[in-house]
Protein chains: 2
Amino acid sequence: MSGSPASAVLVVGSVALDSVETPFGKADNVLGGSGTFFASSASHFAPVQLVGVVGDDYPVDKLKPLETRGVDLSGLERTDGASFRWRGRYRHDLNSAETLETHLGVFSNFRPKIPAQFRNAPFVFLANIDPRLQLQVLEQVQKPTLVACDTMNFWIESRRPELIELLAHVDLITLNDAEARQLTEKVNLVHAARWIMEKGPRYVVIKKGEHGAYMFTRDSIFFAPAFPLESVFDPTGAGDSFAGGFIGYLAATNDLSERAMRRAVVVGSAMGSFAVEKFSNERVLEVSRAEIDARVQEFRQLVAFDMELT
Amino acid sequence: MSGSPASAVLVVGSVALDSVETPFGKADNVLGGSGTFFASSASHFAPVQLVGVVGDDYPVDKLKPLETRGVDLSGLERTDGASFRWRGRYRHDLNSAETLETHLGVFSNFRPKIPAQFRNAPFVFLANIDPRLQLQVLEQVQKPTLVACDTMNFWIESRRPELIELLAHVDLITLNDAEARQLTEKVNLVHAARWIMEKGPRYVVIKKGEHGAYMFTRDSIFFAPAFPLESVFDPTGAGDSFAGGFIGYLAATNDLSERAMRRAVVVGSAMGSFAVEKFSNERVLEVSRAEIDARVQEFRQLVAFDMELT
């Protein structure tokens, strides 16, 4: 990561207020949204440009720590109305969130406008928003080195043609295993990944939550486990924090070799593991570079084996 | 694996007839049982001594391939009555078997008698049978180097005190994640493994099926993913084939260092991945040493990354 300076990462996503209940406590109106989590995580590695929208009720001062970490908020629109709010609950197993309330607010009329100074960002992450908006972003940017997107079950159901169209224009997609199966109608993840690659992306990253993540390319499969944490406090934002570490690391190194991509998956997994240790983006923001490095080394220990069978 | 000859592995477990239905086909009255799967797999690495019982209806000639592979069947009792039969079905996701019928037959009166020539086997695997029988085996063997056991939900419910007693006498236990949670009443697998280690075993191997396996020791955690197969045909016996590869490899090397134990988990994972490629123990029996070595190398590629973050 020495040498050339880190490239900028443009992220377009939601900036929300979350109210979360887990077996360990509850938090009301804390920072949430895919854009927020991604930016918080990626900011450890590269300059981040965040595009999104909040209502006039948003506590923008709470975004100060992101600015301090080098996140450029000049693409964050503030408009009349209520901010996007999500309220959810995790049961004992922490595996899946139960959505109790979703209020899109100003987000329902959001049309992303990419500021001129962001349009040539070499790395672009289209966080989990309507595929039509993700496509609108791509019309405004200029030849990025890498375009990645995320999605979710809601868009797979309601915007399938637009999502398939999007796949033709991205280099990489991150999605979870259930979403991959839903999108491709394939139970087997190797088949699902191949189906997606045939639609466009060169890289398919399938996140399995506590069971780790796969990165598929045309001729290789890489797997990184999730870190076996002793206490998972709040899983919200783990996937976007993973993506932030992953894309942020690639932007930091400006290297898209298989070797760098594998490292990036591990860095993403490390960031995802920090995300779940506290509510909101709290732990991801405060974590030090030394702690990130230490966790990456722990990942190394977790899977390390040498083998001479014969 | 050169140098000293492989140690013998004694396995006490079920020898059954399975009838299995998967989305890809069905097989009636094929070889099944924890002892059969374990022995088939371990036989690639070490001499195996199998103790179990079959009824007078058992097609013992079907066990010939095990003998050919060096499995000593002189501890296999044949008695009047019906053999243990299991009939099960896997739905589309192949993750869990639905048991349609279980007939214990002669197995319900089984009292393991370890032949004199098996009693000093250095490696002992107590496959998934009644913990009271597992304890009876331990009364008959002489100071093994390593005693490992498996168990299942049925014994955790019905024989909890005996199972806890057993834990004090084994060095290693293999069980799946749901069983670990049920036994320990801990959701978190790190906590569950620690709880089990406090009861006796130095090694706790938690199998997560398609999500891989953890090996916990007092001061380390190792994780090996499951191999991302393109087609899983029949998951029956994957766990026992894993254990056979794992214990067989340890017996082959006579090495219980952390390094060897990690290798053993990977060899076990490789054998588990072969087990699911065909019905019964068919693929495990026929696989060549070169194919095993190649798959272990593929595991290496699957998790390999190098990392210098700073």
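Just so it is clear, the model here is predicted, and its values are computed rather than measured. (Residues numbered from 1 in each chain as written. Chains lettered and ligands numbered in written order. Predicted model: local features only at pLDDT ≥ 70, side-chain atom pairs only at ≥ 80, totals over all residues. Heavy atoms only, no water.)

A tally of regular secondary structure across chain A gives 11 helices and 13 strands. Relative to the globule expectation of 19 Å for 310 residues, the C-alpha radius of gyration of chain A, 18 Å, shows essentially globular dimensions. If one aligns the C-alpha atoms of chain A with their principal axes, the spans along those axes are about 70 × 45 × 45 Å. Across the 310 residues of chain A, 59% fall into the buried class. For chain A, the share of sequence-separated contacts (at least 6 apart) that also reach a separation of at least 24 residues comes to 65%. About 11,900 Å² of surface is accessible on chain A, with carbon and sulfur atoms providing 49% of the total. Separation between the mean location of the 32 positive side-chain charges and that of the 39 negative ones in chain A comes to 3 Å. (Helix = DSSP H or I, 4+ residues; strand = E, 2+ residues; numbered from the N terminus. Rg over C-alpha atoms; globule rule 2.2 N^0.38 Å. Buried < 20%, exposed > 50% of the residue type's maximum accessible area, 1.4 Å probe, protein only. Contact = heavy atoms within 4.5 Å. Areas by Shrake-Rupley, 256 points an atom, 1.4 Å probe, with all protein chains shown as cover. Lys, Arg positive; Asp, Glu negative; His and termini not counted. Charge placed at Lys NZ, Arg CZ, Asp CG, Glu CD.)

Let us look at the sheet that holds strand β6 (residues 84-90) of chain A. Strands belonging to one sheet form pairs held by backbone hydrogen bonds; the direction of such a pair is parallel or antiparallel. All names here are of chain A. Spatially, four strands are ordered β3-β2-β6-β7 in an open sheet, and the strand pairing comes out mixed. Among the strands making up the open sheet, the edge pair consists of β3 (25-32) and β7 (97-103). Averaged over all pairs of adjacent strands, the angle between their axes in this sheet comes to 15°, without regard to strand direction. Two elements, strand β2 (residues 16-22) and β6, share six bridges in a ladder whose sense is parallel. Residue pairing across strands places L17 opposite R85, the latter belonging to β6. Along the sheet, helix α1 (residues 34-42) contacts β2 and β3; its crossing angle with β3, the most-contacted strand, is approximately 85°. (Pairing = 2+ DSSP bridges. Axes fitted to C-alpha atoms, helices over the stretch in contact; angles between N-to-C directions.)

In this section: the relation of the copies chain B and chain A. Placing chain B over chain A gives an RMSD of 0.0 Å and needs a rotation angle of 180°, together with 0.0 Å of translation along the axis. Such a combination of rotation and displacement between the chain copies is what one expects of a two-fold axis. Identified as the residue of chain B closest to the rotation axis by C-alpha distance is B:H211, at 3.0 Å. (Least-squares fit on C-alpha atoms with pLDDT ≥ 70 in both.)

Residue and element names in this part refer to chain B. Burial within strand β2 (residues 16-22) is extensive, with six of its seven residues counted as buried. Here β2 folds back onto strand β3 (residues 25-32) in antiparallel fashion, the turn holding two residues. As paired strands, β2 and strand β6 (residues 85-90) are joined by five bridges and run parallel to one another. Looking at the pairing, D18 lines up with W86 of β6.

Read these as layout, nothing more, since geometry by itself doesn't imply function.
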